[in-house]
Amino acid sequence: MKPSFYDLSYADLETIIKQNNLNQSVAALLFKWHYKNKQITPCTENISAQAYAFFQENFDFSLPEIEVVQESEQDQTVKFLFKLHDNHKVETVLIPFNQKYSICLSSQVGCAMGCSFCFTGEQGLKRHLTTHEVIGQFIQAWRWLAKNRPGEERILNIVFMGQGEPLHNFDAVKKACEIFLCHYGTSVGIQKITISTAGYIPGLKRWLEEIPKVNLALSLHSPFEAKRNQLIPINKKYPLDEVLTYINQIPLQKKQFITYEYLLLKDFNDSIEDAKKLGEMLVDKRAYINLIPFNPYPGASYQKPSLAKVEEFKAVLDGFKIPTLIRGKKGDDVLAACGQLNSDY
Ligand code: SAH
Ligand code: SF4
């Protein structure tokens, strides 16, 4: 099988062009064609016959195909099921906000982390996604919008909160970010990308050197090690205090925060004591808290707390003056909300 064009960063492309004595302007032309204009047909604009032939002969331009599209009846949320070349499936969600969309990307087929509250975790890890499979979710979702909701093809935010632990698939996710950021192509703003991790330390170690400026979200879920161990098994190997040591070293830009995601599970981590401990842990940090009421799925062993309980929890955090948002559950009629993604059917 030929290598995928969509696995190449701009720098990779420049190297290939140089090695093959092609005109240097081809890199920008190809990025513009495939990423800015999101064409999947071969580039014909201003490109020499020699460069055209070289890329057609040596690279594959196919992308994962959309197999199923589910549109929410409650809001504008869209969930896509993608079919990969080896018949594995992954899901991607477009979440509407202010006439624009955020896209929630998957980074793996399944996930190895086995969190006890997560539908995806139940699949185990089937395999990592390649860069082109990550990028492909974005391009195909954009193309779907252009065709089905013309004028609405504006995807401003990218969040790695779909299936998989993105830092466990570091190289492919890093390269996808480089491609998203490249100003010849999709030119996504650096602070419009957020990578969410369960606290995978090997990835956090590399973060500082390799991708320091995009946003990081930590799935915290409990400030207590023992409780966190029950929720996120890798906490035993990569304990929270160590995770926080790495996160504290990340230099933040003006107005940049670390997001701490806190899943609220009824009668497990939703008490006033939990909220106080969480507040004490984060009060001195540039923190933003996302409270996520548990999204139930068939066979789940947890329940979601009442709205009153969620608001009580938030009030404690407000007392610490930590910006806290209760995450809505957009698209839950199509099982598109966080943690409900499981394509193993
Ligand atoms: N693996 C990464 C990113 C994907 S999960 C991580 O764990 O951070 C994205 C978010 O959804 C995480 O905060 C995760 O804890 C949360 N999540 C998982 N299952 C959930 C569920 N059933 N209800 C609500 N949120 C859930
Ligand atoms: Fe993996 Fe994140 Fe689900 Fe945990 S919550 S199993 S890390 S996808």
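Criteria and thresholds
Here the residue numbers are simple positions, counted from 1 along each chain's written sequence. The lettering of chains begins at A and the numbering of ligands begins at 1, in the order of writing. Reporting in this predicted model follows two pLDDT cut-offs: at least 70 for local features of residues, and 80 or more for side-chain atom pairs to be given and counted; totals over whole chains, interfaces and linings ignore these cut-offs and use all residues. Values reported for side chains reflect all heavy atoms of the structure, with hydrogen atoms and water molecules removed beforehand. Criterion for a salt bridge: a side-chain nitrogen of Lys or Arg within 4 Å of a carboxyl oxygen of Asp or Glu. Helix and strand assignments come from DSSP, with helices taken as H or I runs of at least 4 residues and strands as E runs of at least 2, each series counted from the N terminus. Each residue is assigned to one of three classes by its accessible area relative to the maximum for its type, calculated with a 1.4 Å probe on protein chains only: buried under 20%, partly exposed between the two thresholds, exposed over 50%. Think of it this way: a Phe, Tyr or Trp ring, Trp meaning its six-membered ring, pairs with another when their centres are within 6.5 Å, and the plane angle makes it stacked under 30 degrees, edge-to-face over 60, tilted otherwise. We call a charge positioned over a ring when the NZ of a Lys or the CZ of an Arg lies within 6 Å of the ring centre and within 35 degrees of the ring normal. Definition of nearness: a residue and a molecule or strand are near each other if at least one heavy atom of the residue lies within 4 Å of the molecule or strand. Pairs of N or O atoms are called polar contacts if they sit within 3.5 Å, as long as, within protein, a hydrogen donor faces a hydrogen acceptor (for residues adjacent in sequence, only side-chain-to-side-chain pairs). Only the protein chains shown count as cover for residues, with accessible areas throughout obtained via the Shrake-Rupley method and a probe of 1.4 Å. In this classification, Asp, Glu, Lys and Arg are treated as charged, Ala, Val, Leu, Ile, Met, Phe, Trp, Tyr, Cys and Pro as nonpolar, and every other residue, Gly included, as polar. Remark: nonpolar core denotes a set of buried residues (Ala, Val, Leu, Ile, Met, Phe, Trp, Tyr, Cys) joined through side-chain atoms within 4.5 Å. Residue ranges for the domains trace back to a domain assignment, done automatically or taken from a database.

With the rule as written, the count across this model stands at 13 salt bridges. For Asp171, the salt bridge goes to Arg206, with nearest N and O atoms at 2.7 Å. Linking Asp171 in helix H5 (residues 170-181) with Arg206 in helix H6 (residues 201-210), this pair joins segments that are 35 residues apart in sequence. Asp274 is the salt-bridge partner of Lys227, the closest N and O atoms lying 2.8 Å from each other. Within this pair, whereas Lys227 is found in helix H7 (residues 225-231), its partner Asp274 is found in helix H9 (residues 272-282), the two being separated by 47 residues in sequence. Judged by relative accessible area, which is 22%, Lys227 ranks as partly exposed. In this structure Asp274 comes out as buried when scored by relative accessible area, which is 2%. Each of Asp171, Lys174, Arg206 and Glu210 takes part in one network of salt bridges that share partners.

According to the stated counting rule, one finds 20 aromatic pairs in the structure shown. Aromatic rings pair up to connect Phe5, Tyr6, Tyr10, Phe31, Tyr35, Phe61 and Tyr184 into one cluster. Lying across the ring of Trp142, Lys38 places its NZ or CZ 4.3 Å from the centre. Directly above the aromatic system of Phe268 lies the positively charged group of Lys227, at a separation of 5.8 Å from the ring centroid.

Below, the discussion takes up the site of ligand 1. Near ligand 1 you find 20 residues, and of these Phe117, Gly164, Ser196, Ser219 and His221 are the closest. A distance of 2.6 Å separates an oxygen atom of ligand 1 from a polar atom in the side chain of His221. Contact with the protein chains hides 96% of the accessible area of ligand 1, taken as 530 Å² for the molecule alone. Mapped by element, the contributors of at least two residues to the shell around ligand 1 are strand E8 (193-197) and strand E10 (258-264). A class-by-class count of the residues in the shell around ligand 1 yields ten nonpolar, eight polar and two charged.

Our focus in this paragraph is the nonpolar core. When a protein is soluble and globular, its nonpolar side chains tend to lie buried together. Phe5, Phe55, Phe117, Phe160 and Phe180 are the most contacted members of the largest nonpolar core, which has 103 residues in total. In terms of residue count, helix H4 (residues 131-148) provides more of this core than any other element does, eight residues in total. Three or more residues apiece are contributed to this core by two domains, here domain 1 (5-58) and domain 2 (65-334).

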